[in-house]
Amino acid sequence: MASVRLLSSVVLAGGLMCAAAGCTDSGSSGQGSSTSPTPSSSFSSFGESWKEPASYVYTLTSSEGERSLLGTFRVTVRDGKVAKAVGLDESARGAVERAPEDVPTIKGLLGELARAREEGADTAEAEYAPDGHPVRITLDPEKNTVDDEESYVISGYKPQP
């Protein structure tokens, strides 16, 4: 009887851990919970569950690594393209001056995540808001390479009419 209770406890604990981590079985619809703080087991399921609106604003904080797109930006997207990017700190202002075309849309960031996963990056993770848009994307192509990491925090997201 004690072994049955122990086995039941182990199965219950495993199920709870899997639910907390957003696990889905391979026969599911592929629509993981968008409230899960961990990425879906399939990028395409989240890519399909959140549709990028034609117009929106968001704040992007880009950090980590040796690259030009570092700092905090307020981004306005219209018709699926960055219409305006404002650097909110010195680093971001410099980045916008040098290469405003490098400031991405959220869809562009999701594209970077998908490419990193396809190329077998050591780390290619995302966390999602309840509506399905990403709130954090972390990329590290090579585990033991210095300064190739990328971290993006997406905040203040507001769809526009």
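Since this is a predicted model, take the numbers as computed values, not measurements. (Residues numbered from 1 in each chain as written. Predicted model: local features only at pLDDT ≥ 70, side-chain atom pairs only at ≥ 80, totals over all residues. Heavy atoms only, no water.)

J.: A description of the overall build of the protein chain should follow, citing residues and the corresponding values.
T.: If you tally the helices and strands in the protein chain, you get four helices and six strands. Ordered by position in the sequence, the α and β elements of the protein chain form the string α-α-β-β-β-α-α-β-β-β. When the 161 residues of the protein chain are sorted by exposure, 34% land in the buried category. Within the protein chain, residue pairs in contact and separated by at least 24 positions form 46% of the contacts whose partners lie at least 6 positions apart. About 9500 Å² of surface is accessible on the protein chain, with carbon and sulfur atoms providing 54% of the total. (Helix = DSSP H or I, 4+ residues; strand = E, 2+ residues; numbered from the N terminus. Buried < 20%, exposed > 50% of the residue type's maximum accessible area, 1.4 Å probe, protein only. Contact = heavy atoms within 4.5 Å. Areas by Shrake-Rupley, 256 points an atom, 1.4 Å probe, with all protein chains shown as cover.)

J.: Can you explain the packing of aromatic side chains? Please cite residues and give values.
T.: For any pair of aromatic rings, the description consists of the separation of the ring centres together with the inter-plane angle of the planes. Applying the stated rule across the entire model yields three aromatic pairs. Consider the rings of Trp50 and Tyr157, whose centres lie 5.9 Å apart with planes at 70°: the pair is edge-to-face. Here Trp50 is found in the loop between helix H2 (43-49) and strand S1 (56-63), whereas its partner Tyr157 is found in strand S6 (residues 150-159), with 107 residues between them in sequence. Measuring from centroid to centroid gives 5.9 Å for Tyr56 and Tyr58, while their planes differ by 35°, and the two rings are tilted. Judged by relative accessible area, Tyr58 falls into the buried class, the value being 0%. By the ring-pair criterion, three or more aromatic residues cluster together here, those being Trp50, Tyr56, Tyr58 and Tyr157. (Phe/Tyr/Trp six-rings, centres within 6.5 Å; stacked < 30°, edge-to-face > 60°.)

J.: Lay out the pattern of salt bridges in plain terms, naming residues and giving numbers.
T.: Applying the stated criterion to the full structure yields two salt bridges. Ionic pairing is found between Arg115 and Glu112, a salt bridge with its closest N-O pair at 2.6 Å. Of the two residues, Arg115 and Glu112 are both situated in helix H4 (residues 106-118); the distance of three residues between them amounts to about one turn of the helix. Accessibility expressed as a relative area gives 40% for Arg115, which makes it partly exposed. By relative accessible area, which is 32% here, Glu112 ends up partly exposed. (Salt bridge = Lys/Arg side-chain N within 4 Å of Asp/Glu carboxyl O.)

J.: Tell me about the sheet that holds strand S2 (residues 71-78), and please be specific about residues and values.
T.: Whenever strands of a sheet pair, they do so through backbone hydrogen bonds, lying parallel or antiparallel. Across the sheet, six strands lie side by side as S3-S2-S1-S6-S5-S4; this open sheet has antiparallel pairing. At either margin of the open sheet sits one strand with a lone partner, and together these are strand S3 (81-87) and strand S4 (123-128). Strand-to-strand twist of the sheet, defined as the mean angle between neighbouring strand axes without regard to direction, takes the value 20°. As paired elements, S1 and S2 share seven bridges and run antiparallel to each other. Looking across to S2, one finds that Tyr58 is bridged to Val75. The strands touched by helix H3 (residues 90-98) are S2 and S3; relative to S2, the strand with the most contacts, the crossing angle is about 45°. (Pairing = 2+ DSSP bridges. Axes fitted to C-alpha atoms, helices over the stretch in contact; angles between N-to-C directions.)

J.: Any chance you could break down unusual backbone geometry for me, citing the residues and the numbers?
T.: What you tend to see is this: most non-glycine residues have negative phi, and most peptide bonds are trans. Its identity is not glycine, yet Glu64 carries a phi of approximately 80°, on the positive side. If you trace the backbone, Glu64 turns up in the loop between S1 and S2. The partly exposed category is assigned to Glu64, whose relative accessible area is 43%. The phi torsion at Asp79 lies on the positive side, around 55°, for a residue other than glycine. A relative accessible area of 67% means that Asp79 is categorised as exposed.

J.: Got a sec to walk through the nonpolar core? Specific residues and values, please.
T.: Counting residues in hydrophobic clusters, the biggest one holds 26 residues, and the most contacted among them are Tyr58, Phe73, Ile106, Leu113 and Ile137. Taken together, the elements giving at least two residues each to this core come down to S1, S2, H3, H4, S4, strand S5 (134-140) and S6. Examining the composition of this core, we find that five residues originate from one element, H4, more than from any other. (Core = buried A, V, L, I, M, F, W, Y, C linked by side-chain atoms within 4.5 Å.)

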